[in-house]
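As a plain string of letters, each chain reads:
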Amino acid sequence: MTRERQHIRIVGAGVAGLVAAFVCARRGAFVEILEGREAPGLGCSFFAGGMLAPWCEAESAGAQVRDLGRAALRFWLHDMPVAVQAGTLVVAPARDAGELRRFARQTDAFETLDGTDVARLEPDLGGRFGAGLYFPDEAHLTPRDALRALVAALDAMPNVEMRCGVEPSDSSDADWTIDARGLAARDVLPELRGVKGEMVVVRTADIALARPVRMLHPRHPVYIVPRANHEFMIGATMVENEERGRVTARALLELLGAAYALHPAFAEAEVVETGCDLRPAFPDNMPRLVVRGRTIFTNGLFRHGFLLAPALALEAAAIIFGRASEEPDGHPREWHAAAG
Ligand SMILES: Cc1cc2nc3c(=O)[nH]c(=O)nc-3n(C[C@H](O)[C@H](O)[C@H](O)COP(=O)(O)OP(=O)(O)OC[C@H]3O[C@@H](n4cnc5c(N)ncnc54)[C@H](O)[C@@H]3O)c2cc1C
């Protein structure tokens, strides 16, 4: 006997779990979301910068992340429209001009800017940088707003049920389970490690930016993402240790120092928040879908949670439902078969 609709259990309500829930619910499945904390979106996803920057990320992460990341632009601009597509500006202090050339060699889909172009794009940076790169197709979002919007959309769907503060039992009558527990899934995915990321949010009305700006540096590249209410998220460190919940003075020196180098007005900004968490990462820092029986593990989003969650969710849905005819088939598929 075939059931009328699939019952899909999603464990973990971070960006990976919530996007998967949304994609599966829109296919008509009954979706049950189980989150261990008191509310959704309080894990690593809570601290993200929210850059949707597949071409900039290709510089360090390669073409596969770039290609998978394109699904994020479609998802966050059209399916769950919370992103702003204003591009990304990449600059470097004059002494690190070589970094800009190196960055440009590693990626594509950018325009090369001189100082006048930089000033036209971001007037407050006028006269401060003689060169830059502009990635016009990139976008950004505010992660906590994006997670709230996802939760609101899921709440409004009659075929979705979310329960928080629960520990899922091993037995379930779901047809499929999507395990999206982030780093907590290393009880069954032992290759996962945590990569510490620290960030700071400041507020100042003395400078305005229309888009994320990346400031290159040989050791401490940082990005600054403009947010509402004159706030700016400055991120993020990448530290190979698993110390959760402690933002170091070194991190603040690096992050705030880079912001100050971008514009001295940041020196007078109010510090609104500091935060950190551990990014779930596999040894190659690439995401994986691992299928074991009727469980699909979606994990290893590393520094690309918002960028890669849509591609992973679409692949999980393709495993469960088959590929929908209207769905783009542009994703390389070898990564989802990664051995678990
Ligand atoms: C400082 C910083 C900046 C970042 N900037 C960006 C950025 O600009 N762009 C980007 O795309 N990514 C960014 N990232 C990376 C991104 O945040 C992560 O890749 C992403 O959050 C991982 O999402 P996840 O859903 O896998 O994990 P999580 O968000 O950690 O979600 C896992 C969820 O599972 C729940 N859970 C765990 N165990 C159980 C259980 N037994 N039962 C039920 N629920 C359970 C947890 O409570 C949690 O809610 C950044 C990360 C950091 C730290």
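Residues numbered from 1 in each chain as written. Predicted model: local features only at pLDDT ≥ 70, side-chain atom pairs only at ≥ 80, totals over all residues. Heavy atoms only, no water.

**Structural notes on the overall build of the chain**
Right, so step 1: Each helix and strand counted, the chain has 8 helices and 16 strands in total.
Right, so step 2: Its C-alpha atoms give the chain a radius of gyration of 20 Å, near enough to 20 Å, the size a compact globule of 340 residues would have.
Right, so step 3: Taken over the C-alpha atoms alone, the chain extends approximately 70 × 40 × 35 Å along its principal axes.
Right, so step 4: Going through the 340 residues of the chain one by one, you find that 54% of them count as buried.
Right, so step 5: Excluding contacts between residues fewer than 6 apart, the proportion of contacts in the chain whose partners are at least 24 apart in sequence is 77%.
Right, so step 6: Here the chain has roughly 14600 Å² of accessible surface; of this, 50% comes from carbon and sulfur atoms.
Right, so step 7: Across the chain, the mean location of the 37 positive side-chain charges is 3 Å away from that of the 45 negative side-chain charges. (Helix = DSSP H or I, 4+ residues; strand = E, 2+ residues; numbered from the N terminus. Rg over C-alpha atoms; globule rule 2.2 N^0.38 Å. Buried < 20%, exposed > 50% of the residue type's maximum accessible area, 1.4 Å probe, protein only. Contact = heavy atoms within 4.5 Å. Areas by Shrake-Rupley, 256 points an atom, 1.4 Å probe, with all protein chains shown as cover. Lys, Arg positive; Asp, Glu negative; His and termini not counted. Charge placed at Lys NZ, Arg CZ, Asp CG, Glu CD.)

**Let's talk about the site of the ligand**
Right, so step 1: What surrounds the ligand is a group of 36 residues, the closest being Glu-35, Ser-45, Gly-50, Phe-302 and Phe-306.
Right, so step 2: Within the backbone of Phe-302, an N or O atom sits 2.7 Å from an oxygen atom of the ligand.
Right, so step 3: Within the backbone of Leu-307, an N or O atom sits 3.1 Å from an oxygen atom of the ligand.
Right, so step 4: Out of a free accessible area of 1000 Å², the ligand has 94% covered by protein chains.
Right, so step 5: If you list the elements that add at least two residues to the shell around the ligand, you get helix H1 (15-26), strand S2 (30-35), strand S14 (270-281) and helix H8 (305-321).
Right, so step 6: Here the shell around the ligand gets 3 residues from one element, more than from any other, and that element is H8.
Right, so step 7: Of the residues assigned to the shell around the ligand, the class counts are 18 nonpolar, 11 polar and 7 charged. (Near = heavy atom within 4 Å. Polar contact = N/O pair within 3.5 Å; in protein donor to acceptor, adjacent residues only side chain to side chain. Nonpolar A, V, L, I, M, F, W, Y, C, P; charged D, E, K, R; others polar.)

**A closer look at the nonpolar core**
If you look at soluble globular proteins, the nonpolar side chains tend to sit buried side by side.
Right, so step 1: Judged by nonpolar contacts, the single largest core of 73 residues is most densely connected at Val-19, Val-31, Leu-52 and Trp-76.
Right, so step 2: Those residues within four positions of Val-31 in sequence are excluded, and the remaining contacts are Ile-8, Ile-10, Ala-21, Cys-24, Ala-25, Asn-159, Val-160 and Glu-161.
Right, so step 3: Counting residues in each nonpolar core, the second largest holds 25 residues, with Phe-129, Val-202, Leu-209 and Leu-262 among its members. (Core = buried A, V, L, I, M, F, W, Y, C linked by side-chain atoms within 4.5 Å.)

**Looking at the environment of Met-233**
Right, so step 1: In this fold, Met-233 is placed in strand S13 (residues 231-235).
Right, so step 2: For Met-233, a relative accessible area of 0% puts it in the buried group.
Right, so step 3: Through-space distance from the C-alpha of Met-233 to that of Gly-50 is 9.3 Å; in sequence the pair is 183 residues apart.
Right, so step 4: If we skip the residues at most four places from it in the chain, Met-233 touches Phe-47, Ala-48, Gly-49, Met-199, Val-200, Val-201, Tyr-223, Ile-224, Val-225 and Arg-227.

**Side note on helix H3 (residues 63-79)**
Right, so step 1: Taking 1.5 Å of rise per residue, 17 residues should cover 24 Å, and H3 covers 24 Å from first to last C-alpha, within 8% of that figure.
Right, so step 2: Listing the buried residues of H3 in full gives Val-65, Arg-66, Leu-68, Gly-69, Ala-71, Ala-72, Leu-73, Phe-75, Trp-76 and Leu-77.
Right, so step 3: For H3, the secondary structure elements touched by its buried residues are H1, strand S3 (51-52), helix H2 (54-61), strand S7 (139-140), helix H6 (143-155) and H8. (Expected span 1.5 Å × (residues − 1).)

**Quick look at the confidence of the model for the chain**
Right, so step 1: Per-residue confidence for the chain gives a mean pLDDT of 93, with 94% of residues at or over 70.
Right, so step 2: Note that residues 325-340 has pLDDT below 50 and, in this model, 34 contacts with residues that lie over four places away or in other chains. (pLDDT = per-residue confidence, 0-100.)

**Quick notes on the side chain of Glu-35**
Right, so step 1: Residue position: Glu-35 is located in strand S2.
Right, so step 2: Summary of buried charges: Glu-35 has no salt-bridge partner, and the nearest side chain of opposite charge, Arg-37, is 4.4 Å away.
Right, so step 3: Here Glu-35 is in contact with Gly-12, Ala-13, Gly-14, Pro-40, Arg-163, Cys-164, Gly-165 and Val-166, once residues within four sequence places are set aside. (Salt bridge = Lys/Arg side-chain N within 4 Å of Asp/Glu carboxyl O.)

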